[in-house]
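# Fold and geometry: a report
Listed here are the chains, written in short residue letters.
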Amino acid sequence: MSTILQKGFATLTERADFFRLDVTRKLDAGRRVKWGQFLTPPAVAHFMASFFQRPLPQVRVLDAGAGVGTLSAAFVAEVCRWPLPPTELSVTAYEIDSALTDYLSDTLEACRVECERVGINFTADVRQQDFIKFGTELLAAGAFDERGAYTHAILNPPYRKINSGSDARRQMRSVGVETSNLYTAFLSVVTRLLEPAGELVAITPRSFCNGPYFKAFRQSFLAAMTFRRIHLFGARNLAFGDDDVLQENIIFHAVKQAGGGGGSVIISASSDPDDEAVTIREVTSEQLVQPDDSDAFIRIVSDELGSRVAARMGLFTATLADLGLTVSTGRVVDFRATGHLRRERADGAVPLIYPHHFCDGSICHPKPHSKKSNWIADAPGSADLLVPSGVYVLVKRFSAKEEPRRVVAAIYDPERTRAPRVGFENHLNYFHEAGKGLIDDLAKGLAAFLNSSLLDAYFRQFNGHTQVNATDLRSLKYPSRSELEALGARVGDQFHDQDALDQLITSQLLHMNTDTSDPIPAKKRIDEAARALKALGFPAAQQNERSALTLLALLDVRPETPWAEASAPLRGVTQMMDFFAEHYGKQYKPNTRESVRRQTVHQFLDAGLIVANPDKPSRPINSGKTVYQIEAAALAVLSVFGSDEWEEKLRTYLATVETLQEKYAQSRQMNRIPITMPGGQTLTLSAGGQNILIAKIIEDFCPSFTPGGRVIYVGDADEKWAIFDQEIFAELGVSVDAHGKMPDVVVHHVEKHWLVLIEAVTSHGPINPKRREELKALFRGSKAGLVYVTAFLDRRTLLKYLGEISWETEVWVAEAATHMIHFNGERFLGPYEA
């Protein structure tokens, strides 16, 4: 057993994360790229493990591409918390990299110890093998017995393209699967190794949801598996933040069910893995994958706004064939045509158009001082690379991450270049009519439609990367030809900014639609609010959708409300969340109220952007009646957002905001509760009913019942950890999980070597049987015995909760501070094992 295994880790995933970071530090990036390795962070692993729904008495789990075992550890931790744990649990973990298998074995040994603790018979099989090779050989030989198949699979498969002539590609073909990436190859083999009704939870790139390269995979996967849940992350760079991965990822839960199974699918979304504010939406399987879609695109719509976007796009029914148009990929692959490329114009040379020639919806050519050639020879050897002169609509195949739209279109006008032919580089798609150009109005109308915010929002529902394939553009439905020509006539020769263009699309193409409200103004308001928060200096964690919605709610800015009409209503968090749902179609899970408060409202308060309880400053911050209001100076600057005054007023505001922060911090400080600690030092807590009781616990309970004890943890309504002595916790063998729900006060009774865990009850429940088990799990591994105490301010509150209090706990009432009530157990005011 490695020495690392014997270090004091409190949780299985904490151990695995230590290994993950150690590996990331030791292994060079080239080696990890070779294997396609992006090791799973613990927050992601825990989240994934929570998706499983089928507790069984015998569990057989497959972890393919296991790395250091983070996913297996998270799965085992989840299984150990099941109300009825299995009697047997086996893990089969495949990992080809010999540099990781020792770490993996240590993680699984720790899993065995944890399972043994809760009475589960655990076995593990670490296989240092090529999973694709072994799995396909097993399946091809018919040697796989479904009776011994896996009941569960959890995986973060490697991400790497596989060439058509590679061993992996040939191995996959041997079992009838054609796929171009290692991650879909892993998924294909894993689904075949699951038993009927077996569950799969995986984190993968979203790229398989659309496009021609993954069509065969989608069809085979959907024939065997039924999606039950799909989770989106709003930020592309946070799921694997340590590895600088910008690929858009999803987590999905699917069940092996022949024929797809139908039913409903939960679509959820959050800004990042640590964000507890999760939006949810239930859709039918037919909404996820349209039955008449031969390409089997997976359309992930996570909120009501997205549903409205899809409904509006559903009004357009014309295919490209109906329009008499075709879209193709640019023919010029420059490194294959170097002999024909020209940097300067010469006789017989014609324009060569690249994405960098795009210029406000048109083409600016040539580009002086460009690193790329502006011209290509019109000669017999290049004739097949060129198209006749004409008006073409061009679309970038790859959009830069800083571009606001995924689909970016421009018109090539031959009058600007006056050449008989033209070449379009391979990073462009071009729309044409039987190989020739389009009439002017049709081209202008088509380009306007492609550049609209409506189409962009719809396109993102099935496209999870920055690539825009010709197949994607063929799959879209368009307005009729006559509608596009009429739109083009309205567009004229004038370049329209985005707002004007979107208004034109609405008035020209959607003026008859009254079934759904326009979703685009709502999306724009959210984007604007996020930009405003960035300009105000908030960090990335508060530039997300949740924070943008919170700002809009506190300003009472609805999709149709101009910023100039922003106001300052008093709103609590619940009222804010109601506002999100009613006006912006964002339905958050009910239990995420606290996340909005902790991850957005708290930061707004600290920045002086808002104030708490201006109507009654003495109201406890954790009161159910707490309300917030935008600060007056902040309202003044935000009300000019987007106007000519914005930049100047923003500079003035930012120059004074520190003074405002100090002013409101002083106001909050005046209302704090001073507490004298057992050692004589002073601590202040935010004003609040619970904190009044916490003060009495420290000043009255501790001297009587834990004399000489050390207060090593105090929670605060305003700050999660007012006191947190991590060093003493570590000495006692306790590592606190940041996501765990701590008691309000923890005291180390040094003389008796007890940890006294105290819940202060004013508006929330006491230590009931469920809470006692939670605390026992949270403090598992403690070298000190555990004592559970529920504290009340008065007998009246005690009577309210009397029927809920767990046996083997103590009760203390502040109004009778020298007395203790014991709820029958093995001992009075004595410890129980952790």
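Residues numbered from 1 in each chain as written. Predicted model: local features only at pLDDT ≥ 70, side-chain atom pairs only at ≥ 80, totals over all residues. Heavy atoms only, no water.

## Comments concerning the overall build of the protein
A tally of helices and strands in the protein yields 28 helices and 31 strands. Looking at the protein as a whole, 55% of its 834 residues qualify as buried. In the protein, once contacts between residues fewer than 6 apart in sequence are set aside, the share between residues at least 24 apart is 71%. On the protein, roughly 35,800 Å² of surface is accessible, and the fraction owed to carbon and sulfur atoms is 50%. (Helix = DSSP H or I, 4+ residues; strand = E, 2+ residues; numbered from the N terminus. Buried < 20%, exposed > 50% of the residue type's maximum accessible area, 1.4 Å probe, protein only. Contact = heavy atoms within 4.5 Å. Areas by Shrake-Rupley, 256 points an atom, 1.4 Å probe, with all protein chains shown as cover.)

## Looking at unusual backbone geometry
Peptide bonds are, in most cases, trans, and in most cases residues other than glycine have a negative phi. Put simply, H365 and P366 share a cis peptide bond, and its omega is 0°. By the secondary structure assignment, P366 is in the loop between β14 (362-363) and β15 (375-377). Phi at H753 is positive, roughly 55°, even though this residue is not glycine. Assignment of secondary structure puts H753 in the loop between β27 (745-749) and β28 (754-761). Residue classification places H753 among the partly exposed residues on the basis of a relative accessible area of 35%. A positive phi is found at E808, a non-glycine position, where the angle reads about 65°. Relative to the elements of secondary structure, E808 occurs in the loop between α28 (795-801) and β30 (809-813).

## Digging into the pattern of salt bridges
Counted according to the given criterion, the structure contains 38 salt bridges. Between R421 and D378 there is a salt bridge, with its nearest N and O atoms 3.3 Å apart. With R421 in strand β19 (residues 421-424) and D378 in the loop between β15 and β16 (386-388), this residue pair connects regions lying 43 residues apart in the sequence. Take R421: its relative accessible area is 22%, and that puts it in the partly exposed class. Looking at D378, the relative accessible area reads 30%, which means it is partly exposed. Between K770 and E774 there is a salt bridge, with its nearest N and O atoms 2.6 Å apart. Residue K770 and its partner E774 are located together in helix α27 (residues 769-778), separated by four residues, close to a single helical turn. With a relative accessible area of 58%, K770 lands in the exposed category. The class for E774 is partly exposed, based on a relative accessible area of 33%. (Salt bridge = Lys/Arg side-chain N within 4 Å of Asp/Glu carboxyl O.)

## Some thoughts on the environment of A321
Of note, A321 is situated in helix α12 (residues 320-323). What makes A321 exposed here is its relative accessible area of 65%. Taking the C-alpha atoms as reference, A321 lies 9.0 Å from R474; in sequence the two are 153 residues apart.

## Considerations on the environment of L386
Among the structural elements, L386 can be located in strand β16. Looking at L386, the relative accessible area reads 3%, which means it is buried. With 39 residues separating them in the primary sequence, L386 and E425 have C-alpha atoms 9.8 Å apart. If sequence neighbours within four positions are ignored, L386 has contacts with R331, V350, I376, A377, D378, R421, V422 and G423.

## Digging into the confidence of the model for the protein
Residues shown with low pLDDT carry predicted positions that ought not to be read at fine detail. With 86% of its residues at a pLDDT of at least 70, the protein reaches an overall mean of 86. Scored below 50 in pLDDT, residues 1-10 shows 21 contacts in the model against residues more than four places distant or in partner chains. (pLDDT = per-residue confidence, 0-100.)

## Overview of the nonpolar core
Residues L551, L555, L609, I610, Y628, I630 and L638 are the most contacted members of the largest nonpolar core, which totals 47 residues. Listing elements by their share of this core, those giving two or more residues are α19 (520-535), α20 (545-555), α21 (573-584), α22 (593-606), β22 (628-630), α23 (632-638) and α24 (646-670). Excluding its chain neighbours within four sequence positions, the residues that come into contact with I610 are L554, V601, F604, L605, Y628, Q629, I630 and E631. Residues L182, F186, V189 and I230 belong to the second largest nonpolar core, which totals 46 residues. (Core = buried A, V, L, I, M, F, W, Y, C linked by side-chain atoms within 4.5 Å.)

## Quick word on the packing of aromatic side chains
In this structure the tally under the stated criterion is 32 aromatic pairs. Note on W563 and F641: the rings are 5.0 Å apart at their centroids and 50° apart in plane angle, and the pair reads as tilted. One end of the pair, W563, is in the loop between α20 and α21; the other, F641, is in the loop between α23 and α24, and 78 residues separate them in sequence. The interplanar angle of 75° and the centroid separation of 5.0 Å between the aromatic rings of F641 and W646 together place this pair among those described as edge-to-face. Neither residue differs from the other here; F641 and W646 are each classed as buried. (Phe/Tyr/Trp six-rings, centres within 6.5 Å; stacked < 30°, edge-to-face > 60°.)

## A few points about the sheet that holds strand β5 (residues 194-205)
The pairing of strands in a sheet comes from backbone hydrogen bonds and takes either a parallel or an antiparallel form. Pairing within the open sheet is mixed, and its nine strands lie in the order β3-β2-β1-β4-β5-β7-β6-β8-β9. One side of each edge strand has no neighbouring strand; the edge strands of this open sheet are β3 (121-127) and β9 (279-284). Looking at each pair of strands side by side, their axes are set apart by 15° on average, direction ignored. Against the sheet, helix α9 (residues 215-224) contacts β5, β6 (225-233) and β7 (249-256), and its axis sits at roughly 120° relative to β6. (Pairing = 2+ DSSP bridges. Axes fitted to C-alpha atoms, helices over the stretch in contact; angles between N-to-C directions.)

## Description of helix α11 (residues 304-313)
Among the residues of α11, those classed as buried are L305, G306, R308, V309, R312 and M313. The arc that holds every buried residue of α11, seen down its axis, measures 160°, which confines them to one face. Of the surrounding secondary structure, the elements contacted by the buried residues of α11 are α14 (440-450), α15 (453-459), α18 (498-509), α19 and α21. With a side-chain oxygen positioned 3.2 Å from the backbone nitrogen of L305, the residue opening α11 is D303. (Arc of directions from axis to C-beta. Polar contact = N/O pair within 3.5 Å; in protein donor to acceptor, adjacent residues only side chain to side chain.)

## Here's the deal with the packing of helix α3 (residues 42-49) against helix α4 (residues 70-80)
At a minimum axis separation of 8 Å, α3 and α4 run at an interaxial angle of 45°. With respect to α4, the axis of α3 lies oblique. The interaxial crossing formed by α3 with α4 has right-handed handedness. Here α3 contributes P42, A45, H46, M48 and A49 to the contact with α4, which in turn contributes T70, L71, A74, F75 and E78. Its residues placed into classes, the contact of α3 with α4 shows seven nonpolar, two polar and one charged. (Parallel < 35°, antiparallel > 145°, perpendicular 65-115°, else oblique. Left-handed = near helix turned anticlockwise from the far one by under 90°. Nonpolar A, V, L, I, M, F, W, Y, C, P; charged D, E, K, R; others polar.)

## Let's talk about the sheet that holds β16
On the basis of which strands lie adjacent, the open sheet formed by five strands has the order β11-β15-β12-β19-β16 and mixed pairing. Looking at strand neighbours, the two that pair on one side only are β11 (341-342) and β16, the edges of this open sheet. Examined bridge by bridge, strand β12 (residues 349-353) and β15 share three bridges and lie antiparallel to one another. When the sheet's bridge partners are listed, P351 is paired in β15 with W375.

## Topic: α22
Over its 14 residues, α22 extends 19 Å from the first C-alpha to the last, a length consistent with the 20 Å expected when each residue adds 1.5 Å. T600 marks where α22 bends most, by close to 30°. S595, V596, R597, Q599, T600, V601, F604 and L605 are the residues of α22 that are buried. Immediately downstream of α22, the backbone of G608 shows phi near 75°, a positive value. (Expected span 1.5 Å × (residues − 1). Bend = angle between axes of the 7 residues up to and from the residue.)

## Considering the packing of α4 against helix α5 (residues 98-117)
It is at 10 Å that the axes of α4 and α5 come closest, and there the two elements cross at 5°. Looking at the two axes, α4 sits roughly parallel to α5. Contacts between α4 and α5 pair S72, A73, V76 and C80 from the former with T107, L108, C111, E114 and C115 from the latter. Class assignment of the residues belonging to the contact of α4 with α5 gives a composition of six nonpolar, two polar and one charged.

## Digging into the side chain of D295
Secondary-structure assignment places D295 in the loop between α10 (285-288) and α11. Apart from residues lying up to four places away in sequence, D295 is in contact with K215, R218, T471 and S475.

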